[in-house]
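Per-entry structural report
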Amino acid sequence: MLGRRFKFTADEIAEARSFITDIARTAKPAVQLYVIEEDPDDNRILECAVAAGSDYIVSGENDLLRLGSYDSIRILNVFDFLDAVQAQGREG
């Protein structure tokens with residue numbers, strides 16, 4: 001996907017995978033959510049984010065993005081997420 005969509009090289013994909021693996025945590029949802037009727041698979045994303053105690057979901061999925069947030073979890077596209085992270089860096 002990164003190679004096709006963003007034209008990443010194999011080395012860039014490996015670097016991105018390594019970075020994500022270093023900062024990610026595995027979550028096992030304890031509850032099933034039925035928030036997004038249009039795309040039930042997106043509910044699994046919400047379930048994992050809730051279980052992990054996430055602050056953000058970064059997605060390109062329109063159904064998730066339309067939600068804007070769930071509970072206290074902000075749902076942003078990658079550009080808005082990067083802006084939010086930069087703004088936090090300036091504040092703190």
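See the structure above.
Report on the accompanying structure.

Considering the pairing of strand S3 (residues 73-76)
- Both strand S1 (residues 56-58) and S3 contribute to a ladder of three bridges, which runs parallel. Within S3, the position partnered with tyrosine 56 by the bridge is arginine 74.
- Direction of pairing for strand S2 (residues 69-70) relative to S3: antiparallel, over a ladder of two bridges. Within S3, the position partnered with serine 69 by the bridge is arginine 74.
- Hairpin geometry of S2 and S3 is characterised by an intervening segment of two residues between the two adjacent antiparallel strands and by a positive phi of about 60 degrees at aspartate 71.

Concerning the packing of aromatic side chains
- Enumeration according to the criterion identifies one aromatic pair in this entry.
- For the ring pair tyrosine 56 and phenylalanine 81, a centre distance of 5.1 Å and an interplane angle of 80 degrees mean the geometry is edge-to-face. Of the two residues, tyrosine 56 sits in strand S1 while phenylalanine 81 sits in helix H5 (residues 78-91), which places them 25 residues apart along the sequence.
- The class for phenylalanine 81 is partly exposed, based on a relative accessible area of 22%.

Each value, and the rule that gives it
- Residues numbered from 1 in each chain as written.
- Predicted model: local features only at pLDDT ≥ 70, side-chain atom pairs only at ≥ 80, totals over all residues.
- Heavy atoms only, no water.
- Pairing = 2+ DSSP bridges.
- Helix = DSSP H or I, 4+ residues; strand = E, 2+ residues; numbered from the N terminus.
- Phe/Tyr/Trp six-rings, centres within 6.5 Å; stacked < 30°, edge-to-face > 60°.
- Buried < 20%, exposed > 50% of the residue type's maximum accessible area, 1.4 Å probe, protein only.

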